[in-house]
Amino acid sequence: MIGIICLSTFYVLLASTSGDNNRKKSGEQVKLIHSDVLYKNYSDIRADVLVGNVRLYHDGMYLDCDSARFYRDDNTFNAYGHVKMLQGDTLSLVSDTLLYNGPMMQAHAQGNAVLTHRGTKLQTHIIDYDRMEGVGFYPMHGVLYDGDNVLNSDYGQYTPALSEAVFKDNVVVENPKFNLKTQELYYYSNTKTAKIISETNIISSDSTFVYAVRGDYNTQNGQANLLDRSHVYKDMRDIVGDSLFYDNELGISEAYKNVILTDVENKCMLTGDFCRYEDHSGVAIATDSAVCYEFSGKDTLYVHGDTLKMITYNQKTDSMYRDLFAYHKVRMFRSDFQGVCDSLVSHQKDSCTYLFGQPILWNEGQQVFGEEIRVYNNDSTIDWIHIINQAMTIEKLDSVSFNQVSSKEMFCYFENGEIARNRAKGNVYVNYFIEESDGTRTGMNYTETPEMILYMENKKIFKIWMSTPTGSMFPALAIPEDKRYLTGFAWFDYIRPQTKDDIFGWRSKSQEQMLKTTQKKIVPKQQLKDIR
């Protein structure tokens, strides 16, 4: 029954194509080269019955089989048993039976059909091969073998001259290095490249997962050029972009436009219009509107810089940790914490973040700045801050009144996200406003001291300790203008990031408010001279 259906389908195909006036037809006659026996069968008087070592020739094609029915008037034949069609020295088609139409140059091979072209082999139950177009079709499950690649699909076609195969429905590509699944795929055997045109999943032997919608995948070296928000996922890291390049052998991903690199294990994310990630070294670089999202705490911290670099050490071990480097025009925002500087280095191992280049930090109504700031964290919350050289902390009371402390270096200690203690050392200067219980300000203390510790409670100063202080007290309505603000005072509210989107708007200090870097004195090395 199956043979009858396939045979009738073949003749319908031939009838439809023979009616195509635009299709070129072959005028060459099929020639009988050899047959052990030739006779007429009166049940089919139009056919010459050929038996034993049959060989036929047509327009550059030889066909060998056990037996055949040769229709000379129609220039067609039906071949049976160990059928082998040879075209040149590069293409062969073998099957149990084969129906051939000479004028249309079309062959219908059925039963253990195998189409071989150079090193590529297509194996299925039925193959319709159009010699004029140079295309082979199979309407049911088929397998293409090409080197290490084994490609399965429910339907497909293969064009030997172009080394192009088209697969549809339940497409699976098996390779020792990867496994690919999709619903439609183009494959080029000369370059071993798969052209992705539908949703595709690729799982590599090293557990790298690639989700793609459109692009090219080289099955030999694992290089992929992908479009339409494709993903590469490995070791709980996911990278996605409008376009994406991935090299599986080198373990390199490069994504362009609207890029998101998510590190689930470290609870952070990089975004930008360009991002590069190296699997083996754990190095990730983001540029062009780059942002690092740190969401290990209750609130997300957003860090922006011209260039962001994240390195993950000791991957796949219990001692894994990472470092973040931010270069040039760095701006940070969190609901309770903001900052700006020129460059930043954050070491997860020692829970410390270093800010360089005119750094400023804000915590609600508090502002600190200096030449260098080091922020120490405890479980993603600020534990304490170390401000080095030209350190100043300012608390805003109103538009003209500020509590101020300046010193050579300063230590700010936090509890529950709020400053609890402030310690200043070296050339300490203090402007502190005295308030009554109802909030009325009665005056301002100006103090100089070698060292000071300021204690906070409920966001208010409740105790101050100083070492050998000297100073003056000024009534609230008689504060001299030259004493209201300490030397170096500046309230940088115009620089402060106001929202997570404001981190992209770089605003620098005015030139006169820039800190001049302290020149470090180097003591010359002592030399012992020979005493004679």
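Here, every reference points to the structure presented above.
Residues numbered from 1 in each chain as written. Predicted model: local features only at pLDDT ≥ 70, side-chain atom pairs only at ≥ 80, totals over all residues. Heavy atoms only, no water.

Participant: How should I be thinking about the overall build of the chain in this particular structure?
Facilitator: For the chain, the count of helices and strands is two helices and 38 strands. Here the C-alpha coordinates of the chain stretch approximately 130 × 75 × 40 Å along the principal axes. Within the chain, the proportion of its 532 residues that are buried is 47%. Residue pairs at least 24 apart in sequence account for 39% of intrachain contacts in the chain once pairs closer than 6 positions are excluded. Working note: accessible area of the chain is about 26700 Å², and carbon and sulfur atoms make up 51% of it. (Helix = DSSP H or I, 4+ residues; strand = E, 2+ residues; numbered from the N terminus. Buried < 20%, exposed > 50% of the residue type's maximum accessible area, 1.4 Å probe, protein only. Contact = heavy atoms within 4.5 Å. Areas by Shrake-Rupley, 256 points an atom, 1.4 Å probe, with all protein chains shown as cover.)

Participant: Would you take a moment to explain the pairing of strand 13 (residues 164-175) for this structure?
Facilitator: Residues in a regular strand point their side chains to alternate faces of the sheet. Two strands pair when backbone bridges link them, and strand 11 (residues 149-153) and strand 13 are joined in this way by three bridges, in the antiparallel orientation. Pairing of Asn 152 across the sheet is with Val 172, part of strand 13. Where strand 12 (residues 155-159) lies against strand 13, five bridges are found, and the strand directions are antiparallel. Note on strand 13: the bridge partner recorded for Gln 157 is Val 166. (Pairing = 2+ DSSP bridges.)

Participant: Before we go on, may I ask you to explain the pattern of salt bridges in this structure?
Facilitator: Pairing between side chains of opposite charge can happen when the charged atoms of each approach one another. Summed over all chains, the structure comprises 25 salt bridges. Two residues, Asp 502 and Arg 331, come together in a salt bridge whose shortest N-O distance is 3.4 Å. Of this pair, Asp 502 sits in the segment after helix 2 (481-484) while Arg 331 sits in strand 27 (residues 321-334); the two residues are 171 residues apart in sequence, bridging distant segments of the chain. The same class applies to Asp 502 as to Arg 331, namely buried. A salt bridge links Arg 423 to Glu 451; its shortest N-O distance comes to 3.0 Å. A residue pair is termed long-range when its members are at least 10 positions apart, and Arg 423 in strand 35 (residues 418-435) and Glu 451 in strand 36 (residues 441-457) qualify at 28 residues. A residue is classified by how much of its surface remains accessible, and Arg 423, at 26% relative accessible area, is partly exposed. Three or more residues joined by partner-sharing salt bridges are found here, namely Lys 40, Asp 48 and Arg 72. (Salt bridge = Lys/Arg side-chain N within 4 Å of Asp/Glu carboxyl O.)

Participant: Would you mind going over a nonpolar patch on the surface with me for this structure?
Facilitator: On the surface, a nonpolar cluster with roughly 230 Å² of combined accessible area is contributed by Val 37, Tyr 39 and Val 51. Here Val 37 shows up in strand 2 (residues 37-40). (Patch = residues over 30% accessible without salt bridge, like charges linked within 9 Å, V, L, I, M, F, W, Y side chains within 5 Å.)

Participant: Before we go on, may I ask you to explain the pairing of strand 23 (residues 283-287) in this structure?
Facilitator: Two strands pair when backbone bridges link them, and strand 22 (residues 268-278) and strand 23 are joined in this way by five bridges, in the antiparallel orientation. Looking across to strand 23, one finds that Phe 274 is bridged to Thr 287. Between strand 22 and strand 23, which pair antiparallel one after the other, the connecting turn spans four residues, and Gly 282 there sits at a positive phi close to 75°. The sheet contact formed by strand 23 and strand 26 (residues 307-313) spans five bridges and is antiparallel. In the strand pairing of strand 26, Ile 285 is matched with Lys 309.

Participant: Where do I start with unusual backbone geometry in this structure?
Facilitator: For residues other than glycine, phi is negative in most cases, and the peptide bonds are mostly trans. Backbone geometry at Asp 59 places phi at a positive 50°, although glycine is not the residue there. For Asp 59, the position within the fold is in the loop between strand 3 (48-58) and strand 4 (61-71). Asp 59 gets classed as partly exposed once you look at its relative accessible area, which sits at 31%. The phi dihedral of Lys 267 is positive, around 55°, even though this residue is not glycine. Turning to its location among the elements, Lys 267 is positioned in the loop between strand 21 (252-263) and strand 22.

Participant: Before we go on, may I ask you to explain the packing of aromatic side chains in this structure?
Facilitator: In this description, an aromatic ring pair is defined by two values, namely the gap between the centres and the angle between the planes. Enumeration according to the criterion identifies 18 aromatic pairs in this entry. With a centroid separation of 6.3 Å and an interplanar angle of 50°, the aromatic rings of Phe 402 and Tyr 485 are classed as tilted. Taken as a pair, Phe 402 in strand 34 (residues 402-415) and Tyr 485 in the segment after helix 2 lie far apart in primary sequence, 83 residues in all. Its relative accessible area of 4% is what places Phe 402 among the buried residues. (Phe/Tyr/Trp six-rings, centres within 6.5 Å; stacked < 30°, edge-to-face > 60°.)

Participant: So what exactly am I meant to see when it comes to empty space enclosed by the protein here?
Facilitator: Vacant regions in the atomic arrangement are exposed by a probe of water-molecule size rolled over the atoms. Scanning the entire structure with this criterion turns up five cavities of 30 Å³ or more. Estimates place the volume of the largest cavity at around 100 Å³. Every residue lining the largest cavity is listed: Gln 366, Thr 393, Ile 394, Glu 395, Asn 403, Gln 404, Val 405, Ile 419, Asn 422, Leu 454, Met 456 and Ile 461. For the lining of the largest cavity, the residue count by class is six nonpolar, five polar and one charged. (1 Å grid on protein atoms, 1.4 Å probe; cavity = no way out; pocket = protein on both sides within 12 Å on 5 of 7 lines; lining within 4 Å. Points joined across faces, edges and corners; volume = space filled by probe spheres on them. Nonpolar A, V, L, I, M, F, W, Y, C, P; charged D, E, K, R; others polar.)

Participant: I tried to follow the nonpolar core on my own but got confused; where do I start?
Facilitator: The tendency in soluble globular proteins is for nonpolar side chains to be buried as a group. Formed by 92 residues in total, the largest nonpolar core has its most connected members in Leu 63, Phe 77, Leu 98, Leu 361 and Ile 385. The element best represented in this core is strand 4, accounting for five residues. In this structure Leu 63 touches Val 54, Arg 55, Leu 56, Phe 77, Ala 79, Val 83, Lys 84, Met 85 and Leu 98, once residues within four positions along its chain are discounted. Ranked by size, the runner-up nonpolar core spans 18 residues in total, among them Trp 362, Phe 474, Trp 491 and Ile 495. (Core = buried A, V, L, I, M, F, W, Y, C linked by side-chain atoms within 4.5 Å.)

Participant: Please clarify how the side chain of Thr 312 should be interpreted in this entry.
Facilitator: Within the secondary structure, Thr 312 is located in strand 26. Discounting residues that sit within four places of it in the chain, Thr 312 has contacts with Arg 237, Asp 263, Asn 266, Ser 281, Gly 282, Met 320, Tyr 321 and Arg 322.

Participant: Sorry, what's going on with the environment of Val 135 here?
Facilitator: The topology assignment puts Val 135 in strand 9 (residues 135-138). Separated by 21 residues in the primary sequence, Val 135 and Gly 156 have C-alpha atoms spaced 10 Å apart. Those residues in contact with Val 135 that sit more than four places away from it in its chain are Asp 128, Tyr 129, Asp 130, Gln 157, Tyr 158 and Thr 159.

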